[in-house]
Amino acid sequence: DIQVFSQFRELCDLNLNHNLLSWIEPDVFRPIFNLKKLNLAYNRFVYLNSTLFKHFSQLIELSFAHNQIKYIERNTFSSNSFASLKILNLKSNY
C-alpha cells in the first residue's frame with residue numbers, strides 16, 4: 001500500500017533490514033519528505049530500478065547490503081533525486 005508511510009512525513013531514519021523484502025511499491029516513500037537514512041539491508045532484493053528512487057532528494061545514506069542484487073537498471077543512481085547522497089552501501093550482494 002503506497003499510503004503506508006503517509007502518517008510519517010517527518011521521518012528521518014527508516015530501518016527495514018531483515019524483513020524478507022524483495023520488492024517495494026515505487027511511490028511508497030513519496031510521503032517521507034525528510035528521509036535521510038534508509039536501510040534495506042539483509043532482504044531479498046534482486047533488481048533495482050530508477051522508479052523506486054525518484055523521491056529521495058534529502059537522502060544521505062542508503063543501504064542495500066546483504067541482498068541478492070544481480071541487476072541495477074542503468075541511471076538508477078544518476079538522477080537529481082540523489083543530489084544529497086553521501087553513502088551507498090551495496091556490499092555482499094550476489
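Colleague: How do you make sense of the overall build of the chain when you look at a structure like this?
Modeller: Across its full length, the chain carries zero helices and six strands. In summary, the chain has a C-alpha radius of gyration of 12 Å against a globular reference of 12 Å for 94 residues, a match within 12%. Across its three principal axes, the chain shows a C-alpha extent of roughly 35 × 25 × 20 Å. With 94 residues in all, the chain has 32% of them scored as buried. Pairs at least 24 apart in sequence give 62% of the contacts found in the chain among residues at least 6 apart. Each charge class in the chain was averaged separately, 10 positive and 7 negative side chains, and the resulting centres sit 7 Å apart.

Colleague: When you look at the sheet that holds strand E2 (residues 37–39) in this model, what are you seeing that I'm missing?
Modeller: Sheets are built from strands that pair by backbone hydrogen bonding, the pairs being arranged parallel or antiparallel. The strand order across the open sheet formed by four strands is E1-E2-E4-E6, and the pairing between neighbours is parallel. Here the strands that pair on one side only, and so sit at the sheet edges, are strand E1 (13–15) and strand E6 (87–89). Within this sheet the neighbouring strands show an average axis-to-axis angle of 5°, counted without direction. Across three bridges, the pairing between E1 and E2 is parallel. Bridge assignment links asparagine 15 to a residue of E2, and that residue is asparagine 39.

Colleague: Just checking my understanding: could you explain the side chain of asparagine 43 for this structure?
Modeller: Residue position: asparagine 43 is located in the loop between E2 and strand E3 (47–48). A distance of 3.0 Å separates the side chain of asparagine 43 from the backbone nitrogen of leucine 20, its partner in a polar contact. Polar contacts involving the side chain of asparagine 43 include one to the main-chain carbonyl oxygen of alanine 41, which spans 3.1 Å. When residues no more than four places from it in sequence are discounted, the contact partners of asparagine 43 are Leu16, Asn17, His18, Asn19, Leu20, Leu21, His66 and Asn67.

Colleague: Is there a simple way to explain a nonpolar patch on the surface in this structure?
Modeller: Together, Val46, Tyr47 and Tyr71 give the surface a local cluster of nonpolar side chains, amounting to about 270 Å² of exposed area. Summarising the element assignment, tyrosine 71 is placed in strand E5 (residues 71–72).

Colleague: Is there a simple way to think about the environment of arginine 30 in this case?
Modeller: Tracing the backbone shows arginine 30 in the loop between E1 and E2. Distance from arginine 30 to serine 6, taken between C-alpha atoms, is 8.4 Å for residues 24 residues apart in sequence.

So, how was this worked out
Residues numbered from 1 in each chain as written. Predicted model: local features only at pLDDT ≥ 70, side-chain atom pairs only at ≥ 80, totals over all residues. Heavy atoms only, no water. Helix = DSSP H or I, 4+ residues; strand = E, 2+ residues; numbered from the N terminus. Rg over C-alpha atoms; globule rule 2.2 N^0.38 Å. Buried < 20%, exposed > 50% of the residue type's maximum accessible area, 1.4 Å probe, protein only. Contact = heavy atoms within 4.5 Å. Lys, Arg positive; Asp, Glu negative; His and termini not counted. Charge placed at Lys NZ, Arg CZ, Asp CG, Glu CD. Pairing = 2+ DSSP bridges. Axes fitted to C-alpha atoms, helices over the stretch in contact; angles between N-to-C directions. Polar contact = N/O pair within 3.5 Å; in protein donor to acceptor, adjacent residues only side chain to side chain. Patch = residues over 30% accessible without salt bridge, like charges linked within 9 Å, V, L, I, M, F, W, Y side chains within 5 Å. Areas by Shrake-Rupley, 256 points an atom, 1.4 Å probe, with all protein chains shown as cover. Salt bridge = Lys/Arg side-chain N within 4 Å of Asp/Glu carboxyl O.

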